[in-house]
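# Observations on the model geometry
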4 protein chains.
Amino acid sequence: MPTPPNPLRRNEASRRSILDAALELCAEVGYGRLTVEAIAARAGVSKKTIYRWWPSKGAVMLDAVDERAKAVAAHPYTGDLATDLRNQLAAVVALLTPSDRSPVAGLIAEAMHDDELAHDLRERLIRPRIDSFDERLRQAQRDGQFPADADLDVALGLVYGPIYHRLVFHLGMPDAAQLDTLVTHALRAFVTKSGTS
Amino acid sequence: MPTPPNPLRRNEASRRSILDAALELCAEVGYGRLTVEAIAARAGVSKKTIYRWWPSKGAVMLDAVDERAKAVAAHPYTGDLATDLRNQLAAVVALLTPSDRSPVAGLIAEAMHDDELAHDLRERLIRPRIDSFDERLRQAQRDGQFPADADLDVALGLVYGPIYHRLVFHLGMPDAAQLDTLVTHALRAFVTKSGTS
Amino acid sequence: MPTPPNPLRRNEASRRSILDAALELCAEVGYGRLTVEAIAARAGVSKKTIYRWWPSKGAVMLDAVDERAKAVAAHPYTGDLATDLRNQLAAVVALLTPSDRSPVAGLIAEAMHDDELAHDLRERLIRPRIDSFDERLRQAQRDGQFPADADLDVALGLVYGPIYHRLVFHLGMPDAAQLDTLVTHALRAFVTKSGTS
Amino acid sequence: MPTPPNPLRRNEASRRSILDAALELCAEVGYGRLTVEAIAARAGVSKKTIYRWWPSKGAVMLDAVDERAKAVAAHPYTGDLATDLRNQLAAVVALLTPSDRSPVAGLIAEAMHDDELAHDLRERLIRPRIDSFDERLRQAQRDGQFPADADLDVALGLVYGPIYHRLVFHLGMPDAAQLDTLVTHALRAFVTKSGTS
DNA sequence: ACTTAAACGAGACGGTACGTCTTGTCTTCCG
DNA sequence: CGGAAGACAAGACGTACCGTCTCGTTTAAGT
């Protein structure tokens, strides 16, 4: 991503301790009070080293979060559309909980006035989840469980939108039952008069 | 809300020029680059005067935006539920456009790591719009156009959620046609097998 | 002194509580940390009332100190020049002790970059003491105990100068024995070869 | 003296421009109206850099004045005690002229309510002059020109005291003739009945 | 006693400077 | 020669006082 200097010479130990320090500090003081100075101090690294490889604290956090998120196992395929979507949604909700202290929530807030960060955040952290979502829905279309002519972007907004709505106004993340209700309603928005297809 | 000191002696001219300066500067440099220092300078006011009446730049902007938002006329009642909801939604979308430079988008981002601001933002700017939404839906329930047992919070999430989803990821605000699609789908989520009621 | 407004309507109670508050606060926090705000608050008086009657905190303190100083009894005439000078000097030393917290030391410091205050300080607080000194020396000249052609300004400098020298460099005020030595030496500076003239 | 951080990494160019700016500004507006803010601006330096190396504007001025004072050549030894003392005294008087605008006079005033500054001022600026004075007097004692049992502190007070007395009350610094009179009288205070020794 | 002009308390106001903080760049020294 | 250590310029932060300026409310002089 940023990495202008020769990535071959990069010191992996520094990179690790920076990402770890960033996550630790974010958990301790929250994304808003996090500073590059503090990350450097905690990581035992000079600020220069951070700025050499990342353009901002947001970029650091994005790398840190991305790495953790990748480590999480893929969602199983159960065959039931609502169940699978709910599982995907639950994973996103977990990323955003607790909404204060969550690095991802902090990144989202920062991305709102940082176009570049917004782009990176979308492409690296969000895109894979959107892709999973789209893929599962397309499978459902092939299986005749979902209207073939449905607009997947609209579906995405209906399923994930309420999560961000709640996040933005500190309304708390939904529990399992609420996720169920949410997915059920969202899918029903695509029901046709004559059945599910 | 904020106003700790004696509000009777407050200088209305100062208050006005502060709110105006805040909105002007936000439009010029964006919420993120806005500073209390600059607001004071532009308004011809001492910083102390700002801090006397507001705890942060967010609180200032909230007052400024709130005042403007109040000045906007109420939405007409057309009798058609989808049309009325779409009009309400369009008004909210207008508040968030353009998403950079929009004071409201800036407030939302800041509220994500400022509990007090989040509370004020919700209660003063968002609550009236939720109330309108709920009221219109209850009217629809009385008219038999909407299921009497529907959960209005879920409905709120389905209608407004997608807007915040788009806002958060810099996806651009929906145009009229997209709003139409959105409201149509959201309402259809509450259709029962045997009709609309 | 300052008093531009009608002195007849002046509120004596306010004046008293301002001067008292000034002395109290000076004793508590020292002249340097003393503020007009604090004096007004302590005295239960508005800042305007202070600025109506005095041009600066220095002027207030000068009034306060002057009033106290006037209340002190005059020095007795013993007939012995050295003894009388030492008594006068001891009174001045008392005014300057302790050198921090002493309002007079604070006034002296402030007077060093405030010409008007320096003038008032000299005329009201210092002049009477110089006059006593001069008067006593002239009496000694008439009595033949001091050379008739001696320059009294030089004598003043020799007697009082060392006090200010010590004050300025935080060297502590002299005790009785040191005062004695001081006066003895200073007077001896005017001894002629052939005796005391 | 002050210098808490690692002095090895200190930027000499910054140090120089700060001290120069301080002296310039003091000459222009006077010590009382001098601000750290203005020094930083004039020196093209951030305020942080000043506060990193000095605790107050007084400490900055002391360094600036000290450096200049060191550059002045030592006083010649003429063999005549009165002449040598008068020369030393004249150098001090020059430091304090003009009494407004003089950085040293400002430092003295500030030192009166700042113990730490008073200490540094005494040790760095005053002490060398006291040492010269004492040394010259001890030489005179060895030469039999000054009583062997005289108290040098008392002598110091008699010679230098009148200078501070005049400084404090805005009486103007003495000219050459007055310095002569002053030293003559001060030395005569140590004359014994039977001669100069 | 009645009026009326002032002095008063309270405290908001425009300013100025404070001393601290963080950012992102630049420099120095050590291994 | 790379990196930690950290100094640096820039500039906003939120606070403290300054001295000025309304506000109503006493309060005491001169009717």
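This structure is a prediction, so every number in the text was calculated from the model and none was measured. (Residues numbered from 1 in each chain as written. Chains lettered and ligands numbered in written order. Predicted model: local features only at pLDDT ≥ 70, side-chain atom pairs only at ≥ 80, totals over all residues. Heavy atoms only, no water.)

### Some remarks on the overall build of chain A
Helix and strand counts for chain A come out as nine helices and zero strands. Along the chain direction, N to C, the helices and strands of chain A fall in the order α-α-α-α-α-α-α-α-α. With the C-alpha coordinates of chain A rotated into their principal frame, the extents come out at 65 × 35 × 30 Å. When contacts within chain A are restricted to residue pairs at least 6 apart in sequence, those whose partners lie at least 24 apart make up 67%. For chain A, the computed accessible surface area is about 9400 Å², with 52% contributed by carbon and sulfur atoms. For chain A, the distance from the average site of its 24 positive side-chain charges to the average site of its 26 negative ones is 4 Å. (Helix = DSSP H or I, 4+ residues; strand = E, 2+ residues; numbered from the N terminus. Contact = heavy atoms within 4.5 Å. Areas by Shrake-Rupley, 256 points an atom, 1.4 Å probe, with all protein chains shown as cover. Lys, Arg positive; Asp, Glu negative; His and termini not counted. Charge placed at Lys NZ, Arg CZ, Asp CG, Glu CD.)

### Considering the protein's contact with DNA strand F
Contacts to DNA strand F come from 31 residues, most closely from B:Lys47, B:Tyr51, C:Lys47, C:Tyr51 and D:Trp53. The sugar and phosphate moieties of DNA strand F supply 56% of its atoms located within 4 Å of the protein. Measuring from a phosphate oxygen of DNA strand F, one finds a backbone N or O atom of B:Glu37 at 2.9 Å. When contributions to the surface near DNA strand F are tallied by element, the ones reaching two or more residues are helix H3 (47–53) of chain A, helix H2 (36–43) and helix H3 (47–53) of chain B, helix H2 (36–43) and helix H3 (47–53) of chain C together with helix H3 (47–53) of chain D. Split into classes, the residues belonging to the surface near DNA strand F amount to seven nonpolar, 12 polar and 12 charged. (Near = heavy atom within 4 Å. Polar contact = N/O pair within 3.5 Å; in protein donor to acceptor, adjacent residues only side chain to side chain. Nonpolar A, V, L, I, M, F, W, Y, C, P; charged D, E, K, R; others polar.)

### With respect to the domain arrangement of chain A
All names here are of chain A. Domain boundaries in chain A define domain 1 (7–67) and domain 2 (73–188). The centre of domain 1, based on its C-alpha atoms, is set 27 Å off from the matching centre of domain 2. Facing the 15 residues of domain 1 at the interface are 12 residues of domain 2. Interface area lost by domain 1 to domain 2 is led by Tyr31, Leu62 and Val65, which between them contribute 47%. The interface formed by domain 1 and domain 2 includes two salt bridges. Taking the shortest distance from any N to any O, the salt bridge between Arg124 and Asp63 comes out at 2.8 Å. At the boundary of domain 1 and domain 2, one finds four residue pairs in polar contact (both at pLDDT 80 or more). (Domains from an automatic or database assignment. Buried area = accessible area lost by both parts, 1.4 Å probe. Salt bridge = Lys/Arg side-chain N within 4 Å of Asp/Glu carboxyl O.)

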